[in-house]
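Survey of secondary and tertiary structure
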Amino acid sequence: MSLADLRLFEMRHVAGLGPLCEIMAERAALGAPVTLLAGGTDWVVEQELRPPLEVAAGGPAAPPLVVDVSRLSDLRGISLSGDTLRVGAATTYLEMLRSDAIAARAPLLARMSRDVGAVQIQARGTLGGNLATASPAADGVAALAAYDATVVVQSVRGERRIPMSALQTGYKRTSRAPDEVIVAVEIALPAPGSPWYWRKIGARRAQAISKVALAGVAEVRSGRAARLGLGMASVAPTTALLPSVRALCVSRPLAELTGAEVDAAVAQDISPIDDVRSTRGYREHCARGVVRELLRQLGAQV
Ligand SMILES: Cc1cc2nc3c(=O)[nH]c(=O)nc-3n(C[C@H](O)[C@H](O)[C@H](O)COP(=O)(O)OP(=O)(O)OC[C@H]3O[C@@H](n4cnc5c(N)ncnc54)[C@H](O)[C@@H]3O)c2cc1C
């Protein structure tokens, strides 16, 4: 997208969340949802791929509205209150990498952030943008799924809380209404020192969208997984929450699990495709490998 193309959009700043929700409600009622410009790392790329605005289906009645939310204080900040971590939607990957609270209590978020794009994307891209775009390859969504996080959204109707398991409804589709802003995510933290896992497989170490990525957060007591949260990217139309793998791993002592039954559970939970980044077969192979690697780190002999 060139600078000249930006004239095709109406660009605005807003003073706070209240006025933003009002604008979003007005535009949604007209069938013209507002774009929120956080880091712009998904939206700008999408503009390159869409047909030119002037020729799109009769042309827009009014310029599409883009509101800059990157500095909106209601959407920013990382805070710890007891065992709950709250991360504002406009928090960048770099901010998560530099946060003491995240390093101490949710290190998976920092580790995941280090693997997103490269430093330029980490400095601009936000967790809210990752959740709203809801790509099945989204690394942030996979990490939040492993924490079974809650997405906090706001509209003129008030606040609503969406569990990660109810966020994605299809390929790049979410249960967020067009007039709802993602304000923050909240994580009910596992006990300090709980094991976690992150593995991203891409064509190279930076600027690579995941062929497969796995995020895991566990609580293990006396050789049993008391809790196992998982999120896998790029193996299904939405982030895979791996319910069969979760259920298998909490059902018996980890040492009793066999590789064959773990592989069978993985196969039930994923439906990868061939695309420009990888093949279905390689994704299946990697998915089995990363789940077994995670379980070995938890004490399983798989
Ligand atoms: C070179 C490159 C490499 C990348 N590498 C990775 C990678 O390794 N892993 C990965 O997961 N992604 C990657 N991405 C994708 C992208 O960087 C991330 O998805 C990023 O988190 C998007 O955040 P953003 O703030 O830039 O979103 P924007 O582009 O600002 O917004 C994207 C969409 O989200 C909506 N939105 C933004 N904020 C909100 C909000 N608070 N509430 C409601 N809607 C909102 C906007 O309206 C827009 O539709 C890459 C992108 C590029 C260009």
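The present account deals with the structure reproduced in this document. (Residues numbered from 1 in each chain as written. Predicted model: local features only at pLDDT ≥ 70, side-chain atom pairs only at ≥ 80, totals over all residues. Heavy atoms only, no water.)

**So, the site of the ligand**
Close to the ligand lie 33 residues, the nearest being Gly39, Thr41, Asp42, Tyr93 and Thr126. The separation between an oxygen atom of the ligand and a polar main-chain atom of Gly39 is 2.7 Å. Taking Lys200, its side chain carries an N or O atom lying 2.8 Å from an oxygen atom of the ligand. Contact with the protein chains removes 88% of the 980 Å² of surface that the ligand exposes when unbound. With four residues, helix α7 (residues 127–133) is the single largest residue contributor to the shell around the ligand. (Near = heavy atom within 4 Å. Polar contact = N/O pair within 3.5 Å; in protein donor to acceptor, adjacent residues only side chain to side chain. Areas by Shrake-Rupley, 256 points an atom, 1.4 Å probe, with all protein chains shown as cover. Helix = DSSP H or I, 4+ residues; strand = E, 2+ residues; numbered from the N terminus.)

**Focus on the side chain of Ser244**
Inspection of the secondary structure assignment puts Ser244 in helix α9 (residues 243–251). A polar contact is formed between the side chain of Ser244 and the side chain of Asp269, at a distance of 2.7 Å. If near-sequence neighbours (up to four positions away) are discounted, Ser244 is found in contact with Ala265, Gln268 and Asp269. (Contact = heavy atoms within 4.5 Å.)

**Topic: the sheet that holds strand β1 (residues 10–13)**
Spatial strand order, β1-β3-β2: three strands in an open sheet with parallel pairing. Looking at the sheet topology across the chains shown, the edges are occupied by β1 and β2 (35–37). The mean angle between the axes of side-by-side strands here comes to 30 degrees, regardless of whether they run parallel or antiparallel. Relative to strand β3 (residues 65–68), β1 runs parallel, the two sharing four bridges. Within the sheet, the bridge partner assigned to Arg12 lies in β3 and is Val67. (Pairing = 2+ DSSP bridges. Axes fitted to C-alpha atoms, helices over the stretch in contact; angles between N-to-C directions.)

**So, helix α1 (residues 17–29)**
In this model, α1 (13 residues) spans 18 Å end to end at C-alpha, consistent with the 18 Å of a helix rising 1.5 Å per residue. On its buried face, α1 is in contact with β1, β2, β3, β6 (150–155) and β10 (181–188). (Expected span 1.5 Å × (residues − 1).)

**Description of the pattern of salt bridges**
Counted under the stated rule, the structure contains 21 salt bridges. The residue Asp275 makes a salt bridge to Arg283 at a minimum N-O spacing of 3.1 Å. Residue Asp275 is classed as partly exposed on the basis of its relative accessible area of 34%. The exposure class assigned to Arg283 is buried, which follows from its relative accessible area of 2%. Through salt bridges that share partners, Arg86, Glu159, Arg161 and Glu186 make up one connected network. (Salt bridge = Lys/Arg side-chain N within 4 Å of Asp/Glu carboxyl O. Buried < 20%, exposed > 50% of the residue type's maximum accessible area, 1.4 Å probe, protein only.)

**Some remarks on the side chain of Lys211**
Residue position: Lys211 is located in the loop between β11 (196–201) and β12 (212–221). Of the buried charged residues, Lys211 lacks a salt bridge, with Asp275 as the closest side chain of opposite charge at 7.7 Å. Not counting chain neighbours up to four residues away, the residues in contact with Lys211 comprise Ile201, Gly202, Ala203, Ala233, Ser234, Arg277, Ser278, Tyr282 and Arg283. (Lys, Arg positive; Asp, Glu negative; His and termini not counted.)

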